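Breakdown of the fold
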Amino acid sequence: MSIFSYRDGELCAEAVPLKAIAERFGTPTYVYSKAALLDNFAAYDRACRAHAKSGNALVCYSVKSNSNLAVLNLLASQGSGFDIVSGGELLRVIAAGGDPRKVIFSGVGKSREEMRLALSHDILCFNVESIPELQRLNEVAGELGKRAPVSLRVNPNVDAKTHPYISTGLKENKFGVAFEDTLSTYRAAAKLPNLEVVGIDCHIGSQLLDDAPLLEALDKVIDLVDALEAEGIALHHLDIGGGIGITYDEEKPVAVGDYLERLFARVNAWRDAKHGGAPIKVLFEPGRSIVGNAGVLVTEVQYLKHGASKNFAIVDAAMNDLMRPAMYEAWHGVKPVTQRMQPGKVYDVVGPVCESGDWLARSRDLAMEAGDLLAIMSAGAYGMTMASNYNTRGRAAEVMVDGAEMHLIRRRETPQELFALESLLPGDAA
Ligand code: LLP
């Protein structure tokens, strides 16, 4: 059974009709499937167990893709580690019961405070992106009397062949250390007394459909590990990042199990040939491939506007709820929650925000009437985490379905909450 499928004309998440969720919690609401999350994580876990030498693998779920505590808690219960990009994400992981010793900290702009927080929780590794960052981390670790475990994010300069905004492994990107500078940067890191060089990492982009660029990046990283070892810098892990894509429309992404099988075949052959079979730990940072297709955004049609050149369905979700179409012209499927038998019309599905860029889908053939519910598909990743309060719109509620049960995992924000942190000028400015 597919996770989001029709039963008697009603679109369901597992066994729960989305209509029942909208009736109980209102709209717009993100709905996630627990079974889908578990299945998607299991695809990584199974492949790691089957192919990694002596269990030397760790999946560090990329928190930015969906950071709801219930999602993090569920993944932590499966043994997942976490890839974070801020102190806030670390606090979320801890609040959700995740193990900080399985946390890797990515990102180009870590503040001193964030470094202190992460060091005080003994995280697994800092993925460092520049020499000034190495120096700052060395200082902060020294102040705390600690040695910070570090990996350098290298830029393997491979083309991930994805949207330019989400491609990160090319020379012109702001991320990582240039490939040519890797060895000298490692030498600099190895000299800093409060750092312990433990790994190497890369992340070449997101929504990759083919694993060839990832395997190409792996080959480059492997060469670097050998070159470093020849200089006496031995690494404990290599981290290949995230990036595996999902089906939004008709894309056919590589299966996670196939990618990992090919990846471990290379890693194991390399270790056997050059390192007497000694394993190296392999880390992954998947986000989208775990949560993307485990979630939908349910929204209610407010008005239908039929025009000479276009028809608009104005819904109660907007670009502030799901930014991806406005930001990347991303395509998301749109399905009626209750199927109608009448013939459809072609609509642009747009939100109430005062921007022409506020659209969720364009030119879709839909049979609907005002008051109907629509499901924006594949919205589990980079949906709620990229939501804003633009136009003083409270963020959507989030619900997790488990079989026939629905659980509210984040209630809707109230308007009062949106300005509760603000204050007037002193005196009687008014
Ligand atoms: N690791 C690092 C260092 C990353 O920067 C990212 C995502 C990931 C892991 C997870 O990648 P994934 O497995 O999800 O592809 N907002 C965009 C996607 C931005 C991705 C940023 N980095 C979108 O909505 O498509």
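Residues numbered from 1 in each chain as written. Predicted model: local features only at pLDDT ≥ 70, side-chain atom pairs only at ≥ 80, totals over all residues.

**Quick word on the overall build of the protein chain**
- Within the protein chain, the regular secondary structure consists of 12 helices and 21 strands.
- Whereas a compact globule of 430 residues would reach a radius of gyration of roughly 22 Å, the protein chain reaches 23 Å, a difference of no more than 12%.
- Along the first, second and third principal axes, the C-alpha set of the protein chain runs to 70 × 65 × 40 Å.
- Across the 430 residues in the protein chain, those meeting the buried criterion constitute 46%.
- Long-range pairs, those at least 24 residues apart, make up 69% of the contacts in the protein chain between residues at least 6 apart in sequence. (Helix = DSSP H or I, 4+ residues; strand = E, 2+ residues; numbered from the N terminus. Rg over C-alpha atoms; globule rule 2.2 N^0.38 Å. Buried ≥ 20, exposed ≤ 12 C-beta atoms within 10 Å, placed from the backbone. Contact = placed C-beta atoms within 7 Å.)

**Describing the domain arrangement of the protein chain**
- Splitting the protein chain by domain gives domain 1 (4-32 + 292-419) and domain 2 (34-290).
- Summarising the inter-unit geometry, the C-alpha centres of domain 1 and domain 2 are found 33 Å apart.
- Taken together, the 21 residues of domain 1 in the interface contact 21 residues of domain 2.
- It is strand β20 (residues 397-402) that provides the largest number of residues to the side of domain 1 that touches domain 2, a total of 4 residues.
- Along the lines of polarity and charge, the residues of the side of domain 1 that touches domain 2 split into 10 nonpolar, 7 polar and 4 charged. (Domains from an automatic or database assignment. Nonpolar A, V, L, I, M, F, W, Y, C, P; charged D, E, K, R; others polar.)

**Concerning the packing of helix α2 (residues 34-51) against helix α9 (residues 256-274)**
- Taken N-terminus to C-terminus, the directions of α2 and α9 make an angle of 30°; their axes are 9 Å apart at the nearest point. With respect to α9, the axis of α2 lies roughly parallel. The element α2 and its partner α9 pack so that their crossing is right-handed. Note on element contacts: α9 touches α2 through Val256, Gly257, Leu260, Glu261 and Phe264, opposite Ala43, Tyr44, Arg46, Ala47, Cys48 and His51. (Axes fitted to C-alpha atoms, helices over the stretch in contact; angles between N-to-C directions. Parallel < 35°, antiparallel > 145°, perpendicular 65-115°, else oblique. Left-handed = near helix turned anticlockwise from the far one by under 90°.)

**Focus on unusual backbone geometry**
- Of the consecutive residues Thr27 and Pro28, the connecting peptide bond is found in the cis state with omega at -5°.
- Examined against the element boundaries, Pro28 turns out to sit in the loop between α1 (18-25) and β4 (29-33).
- You will see that Thr392, though not glycine, has its phi angle at about 45°, which is positive.
- In this structure, Thr392 sits in the loop between β19 (373-376) and β20.

**Digging into the UniProt feature "binding site: substrate" (unreviewed entry) in the protein chain**
- If you check UniProt for "binding site: substrate" (unreviewed entry), the listed places come out as Arg288, Arg324, Tyr328, Glu355 and Tyr382 in our numbering. Over a stretch of 95 residues, the named residues are scattered through the fold, their C-alpha atoms separated by up to 27.1 Å.
- With respect to the helices, strands and loops of the structure, Tyr328 is situated in helix α11 (residues 324-328).
- Residue Tyr328 is classed as partly exposed on the basis of its C-beta count, with 14 C-beta atoms lying within 10 Å.
- Tracing the sequence through the fold places Tyr382 in the loop between β19 and β20.
- Leave out the neighbours within four places in its chain, and Tyr382 touches Ser65 and Arg324. (UniProt positions renumbered as here; feature names shortened; annotations may be inferred.)

**Description of the site of the ligand**
- Near the ligand there are 19 residues, and of these Ser206, Gly242, Gly287, Arg288 and Tyr382 occur at the shortest range.
- Classifying every residue of the shell around the ligand by side-chain character gives 4 nonpolar, 11 polar and 4 charged. (Near = placed C-beta within 6 Å.)

**Some words on the nonpolar core**
- Judged by nonpolar contacts, the single largest core of 123 residues is most densely connected at Leu18, Val31, Leu137, Val150, Val298 and Ile376.
- Taken together, domain 1 (4-32 + 292-419) and domain 2 (34-290) each give at least three residues to this core, which thus spans both.
- Excluding anything up to four places from it in sequence, Val150 contacts Cys125, Phe126, Val128, Leu137, Ala189, Leu195, Glu196, Val197 and Val198. (Core = buried A, V, L, I, M, F, W, Y, C linked by C-beta atoms within 7 Å.)

**What about the pairing of strand β6 (residues 81-84)?**
- Here β6 shows a buried face lined by Gly81 and Asp83 and a second buried face lined by Phe82 and Ile84.
- Examined bridge by bridge, strand β5 (residues 57-62) and β6 share 3 bridges and lie parallel to one another. In the strand pairing of β6, Tyr61 is matched with Phe82.
- Chirality of the crossover, the property in question, places the unit of β5, helix α3 (residues 69-77) and β6 among those that are right-handed.
- By the bridge criterion, 3 bridges tie β6 to strand β7 (residues 103-105) in an arrangement that is parallel. (Pairing = 2+ DSSP bridges. Right-handed = clockwise from strand over helix to strand, strands pointing away.)

**Notes on the pairing of β5**
- Where burial is concerned, most of β5 is hidden: 6 out of the 6 residues are buried.
- Side-chain alternation along β5 places Ala57, Val59 and Tyr61 on one buried face and Leu58, Cys60 and Ser62 on a second face that is also buried.
- Where β5 meets strand β13 (residues 281-284), 3 bridges bridge the pair, whose relative direction is parallel. Its bridge partner lying in β13, Leu58 is registered against Leu283.

**Things to note about the confidence of the model for the protein chain**
- Across the protein chain, the average pLDDT comes to 96, with 97% of residues at 70 or higher.
- Model confidence for the complex: the whole-complex pTM is 0.97, and ipTM, which rates the interface, is 0.99. (pLDDT = per-residue confidence, 0-100.)

**What to know about the sheet that holds strand β1 (residues 4-7)**
- One open sheet holds the 3 strands; their spatial order is β1-β2-β3, and the pairing between them is antiparallel. Bordering the open sheet on either side are β1 and β3 (16-17), each of which pairs with just one other strand.
- Sheet topology places strand β2 (residues 10-13) next to β3; 2 bridges connect them, and they run antiparallel. Pairing of Cys12 across the sheet is with Pro17, part of β3.

**Considering the UniProt feature "modified residue: N6-(pyridoxal phosphate)lysine" (unreviewed entry) in the protein chain**
- Here the UniProt-annotated "modified residue: N6-(pyridoxal phosphate)lysine" (unreviewed entry) positions come out as Lys64.
- Overall, Lys64 belongs to the buried group, with 20 C-beta atoms counted inside 10 Å.
- For Lys64, the residues in contact, after removing those within four places along its chain, are Val85, Gly287 and Thr385.

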